[in-house]
Amino acid sequence: MAHPFSYFKGDGESFHETQNFRRYFPTSLGFVEIVCISWIFFMAAAFYKIVLFKIGIDYLGYFFENQLSLAQFALTGNIGSYIFFTLVTVTLFPLGVYIWVKVWSGVIFFFCKLYGRSELEKSQVDSVVEMGVTSHLFLLVPIIGPTISFFMSYFILGVGMASKLQFSVIQILMVLISPLLLMGFFSGALLILLMSFLL
């Protein structure tokens, strides 16, 4: 009897390489599928943020009993604005992800050329960046979810560049900090320009 893990070996036609399996059970997700799944996580996180915000206002009123505190009054007045802002961010989520993917794809592809890796195709770079979107899964973690999601997106980018693009650790770090360096350069240039007008 054949060993069950022999189906996943590279020699011969494996179970995953059969045409029927690929037809009914795709082994990878496309960009649209990744965005849609991440959008669900983002909507769930936005929903429980609104719920927690409302619970916080209710508890504030409960602790102060019949006395409406200044803080509670301010929060109650802002809950409508908070809900509206949250709904806008949820609606614009796909656009934000699209821009994020395009920017990082351009940055990484630029470094591919800079590192002399011209054999790498744009589709390979895009697949690495698209996997970074899956970090939105961690938004479901209460309170610290957004922080975890932020750092995991860059961790996934680093792992993808190491495994698929064969970048070294130094090369990966240079790619990841390049936006910060670019922002620092433009901020410094803007500050020098303002100082030249004021002096």
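The following refers to the structure shown. Computed from a prediction, not measured in an experiment: that's the story for all the values here.

Right, let's get into the side chain of Ser 149. Along the chain, Ser 149 falls in helix H6 (residues 145-163). Residue classification places Ser 149 among the buried positions, given a relative accessible area of 5%. Excluding its chain neighbours within four sequence positions, the residues that come into contact with Ser 149 are Ser 135, His 136, Phe 138 and Leu 139.

What follows is about the environment of Ser 135. Residue placement: Ser 135 occurs in the loop between helix H5 (122-132) and H6. Considered as a pair, Ser 135 and Gly 145 are ten residues apart in the sequence and their alpha carbons are 9.9 Å apart. The contacts of Ser 135, once residues within four sequence positions are left out, are Ser 149, Met 152, Ser 153 and Ile 156.

Attention now moves to the packing of H5 against H6. Running from N to C, H5 and H6 point in directions that differ by 150 degrees, and their axes come no closer than 8 Å. Put simply, H5 runs roughly antiparallel to H6. Between H5 and H6 lies a crossing whose hand is right-handed. Taken together, the residues of H6 that come into contact with H5 (itself represented by Val 128, Val 129, Met 131 and Gly 132) are Ser 153, Ile 156, Leu 157, Gly 160 and Met 161. In the contact of H5 with H6, the residues fall into six nonpolar, three polar and no charged.

Moving on, we come to the nonpolar core. Counting 21 residues, the largest nonpolar core has Ile 108, Met 161, Leu 165 and Phe 167 as its most contacted members. Only helix H2 (31-63), helix H4 (93-114), H5, H6 and helix H7 (169-198) provide two or more residues apiece to this core. In terms of residue count, H4 provides more of this core than any other element does, seven residues in total. Not counting residues up to four positions away in its chain, the partners in contact with Met 161 are Ile 108, Val 128, Gln 166, Phe 167, Ile 172, Val 175 and Leu 176.

Among all residues save glycine, negative phi is the norm, and among peptide bonds the norm is trans. Even without being glycine, Gln 166 reaches a positive phi, approximately 60 degrees. Turning to its location among the elements, Gln 166 is positioned in the loop between H6 and H7. We classify Gln 166 as exposed; its relative accessible area is 52%.

Bringing the packing of aromatic side chains into the picture now. As enumerated under the stated definition, the model contains seven aromatic pairs in all. When the ring of Phe 150 is compared with that of Phe 151, the centres are 5.3 Å apart and the planes differ by 80 degrees; the resulting orientation is edge-to-face. For the ring pair Phe 150 and Tyr 154, a centre distance of 5.1 Å and an interplane angle of 65 degrees mean the geometry is edge-to-face. A residue pair is termed a helical-turn pair when its members lie 3 or 4 positions apart in one helix, as Phe 150 and Tyr 154 do in helix H6 at four residues. Among the aromatic side chains, those forming a connected cluster through ring pairs are Trp 104, Phe 150, Phe 151 and Tyr 154.

A few words now on H7. Residues separated by three or four positions in an α-helix point in the same direction, a consequence of the helix having 3.6 residues per turn. Compared with the 44 Å implied by 1.5 Å per residue over 30 residues, the 43 Å span of H7 between its first and last C-alpha is a close match. The largest bend along H7 measures about 45 degrees and falls at Ile 177, with the proline Pro 179 one to four residues further on. Contacts from the buried residues of H7 go to H4 and H6.

What counts and what doesn't
Residues numbered from 1 in each chain as written. Predicted model: local features only at pLDDT ≥ 70, side-chain atom pairs only at ≥ 80, totals over all residues. Heavy atoms only, no water. Helix = DSSP H or I, 4+ residues; strand = E, 2+ residues; numbered from the N terminus. Buried < 20%, exposed > 50% of the residue type's maximum accessible area, 1.4 Å probe, protein only. Contact = heavy atoms within 4.5 Å. Axes fitted to C-alpha atoms, helices over the stretch in contact; angles between N-to-C directions. Parallel < 35°, antiparallel > 145°, perpendicular 65-115°, else oblique. Left-handed = near helix turned anticlockwise from the far one by under 90°. Nonpolar A, V, L, I, M, F, W, Y, C, P; charged D, E, K, R; others polar. Core = buried A, V, L, I, M, F, W, Y, C linked by side-chain atoms within 4.5 Å. Phe/Tyr/Trp six-rings, centres within 6.5 Å; stacked < 30°, edge-to-face > 60°. Expected span 1.5 Å × (residues − 1). Bend = angle between axes of the 7 residues up to and from the residue.

What is shown is where atoms sit, not what they do.
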